[in-house]
Amino acid sequence: MQISAPQLLEFVRNIAAPDPKVRELAADQVTDLVSSYSLADGRILTGVLAAAAVCESDPGALEAQLNAIIQLGSLAEPEMVAILRTLDVEKLPGGLGEYVTDILEG
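Since this is a predicted model, take the numbers as computed values, not measurements.

This part takes up the environment of glutamate 79. Within the element layout of this structure, glutamate 79 appears in helix α5 (residues 78–81). Considering only alpha carbons, one finds glutamate 79 and glycine 47, 32 residues apart in sequence, at a separation of 8.7 Å.

Helix length check: helix α3 (residues 39–55) (17 residues) gives 25 Å between terminal C-alpha atoms against 24 Å at 1.5 Å per residue, within 8%. The inward-facing, buried residues of α3 abut α1 (5–15), α2 (20–32), α4 (59–71) and α5.

At their nearest, the axes of α3 and α4 sit 9 Å apart, and the two run at 150° to each other. Taken together, the axes of α3 and α4 lie roughly antiparallel to each other. Considering the relative orientation of α3 and α4, their crossing is left-handed. Residues Thr46, Leu49, Ala50, Ala52 and Ala53 of α3 touch α4, and the partners they reach there are Leu62, Gln65, Leu66, Ala68 and Ile69.

Inspection of the secondary structure assignment puts serine 38 in the loop between α2 and α3. Within the structure, the side chain of serine 38 is placed 3.1 Å from the backbone nitrogen of aspartate 41, a separation counted as a polar contact.

All of the buried residues in helix α6 (residues 96–105) are Leu96, Gly97, Val100 and Ile103. Along the axis of α6, the buried residues cluster in a sector spanning 125°; they form a single face. α6 presents Glu98, Asp102 and Glu105 as exposed residues on the side facing more than 90 degrees away from its buried surface. Next to the buried residues of α6 lie α4 and α5.

Contact pair α2 / α4: the axes reach a minimum separation of 8 Å and the direction vectors enclose 20°. Viewed along their axes, α2 and α4 adopt a mutual orientation that is roughly parallel. Handedness of the α2/α4 crossing: left-handed. Along the contact surface, α2 presents Pro20, Arg23, Glu24, Ala27, Asp28, Val30 and Thr31, while α4 presents Gly60, Ala61, Ala64, Gln65, Asn67, Ala68 and Gln71. A breakdown of the residues in the contact of α2 with α4 according to their chemical character gives six nonpolar, five polar and three charged.

Basis of the calculations
Residues numbered from 1 in each chain as written. Predicted model: local features only at pLDDT ≥ 70, side-chain atom pairs only at ≥ 80, totals over all residues. Heavy atoms only, no water. Helix = DSSP H or I, 4+ residues; strand = E, 2+ residues; numbered from the N terminus. Expected span 1.5 Å × (residues − 1). Contact = heavy atoms within 4.5 Å. Axes fitted to C-alpha atoms, helices over the stretch in contact; angles between N-to-C directions. Parallel < 35°, antiparallel > 145°, perpendicular 65-115°, else oblique. Left-handed = near helix turned anticlockwise from the far one by under 90°. Polar contact = N/O pair within 3.5 Å; in protein donor to acceptor, adjacent residues only side chain to side chain. Buried < 20%, exposed > 50% of the residue type's maximum accessible area, 1.4 Å probe, protein only. Arc of directions from axis to C-beta. Nonpolar A, V, L, I, M, F, W, Y, C, P; charged D, E, K, R; others polar.

Written out as structure tokens, the structure reads:
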């Protein structure tokens, strides 16, 4: 089952929502449906999640975004996540720097 264009757009909107809880939930929902994405869907979502992660200030939302990128990994080109290189992995909370390293080296 593939997701519809309205569902894809809703994910994108929620990943960029002002509320960090909405962003976190959206990233978790993306992860829940990983087997439903076409290659194009996965690339769109991975690019949006990577851009959101670079701007993210909430640790919970950031963890969910990075986890979603890892789960979508086979659908993304390295160029889609290259923006994550702008993150200072040493300054990320908890083990989130390792998530970024895994994504970039994957």
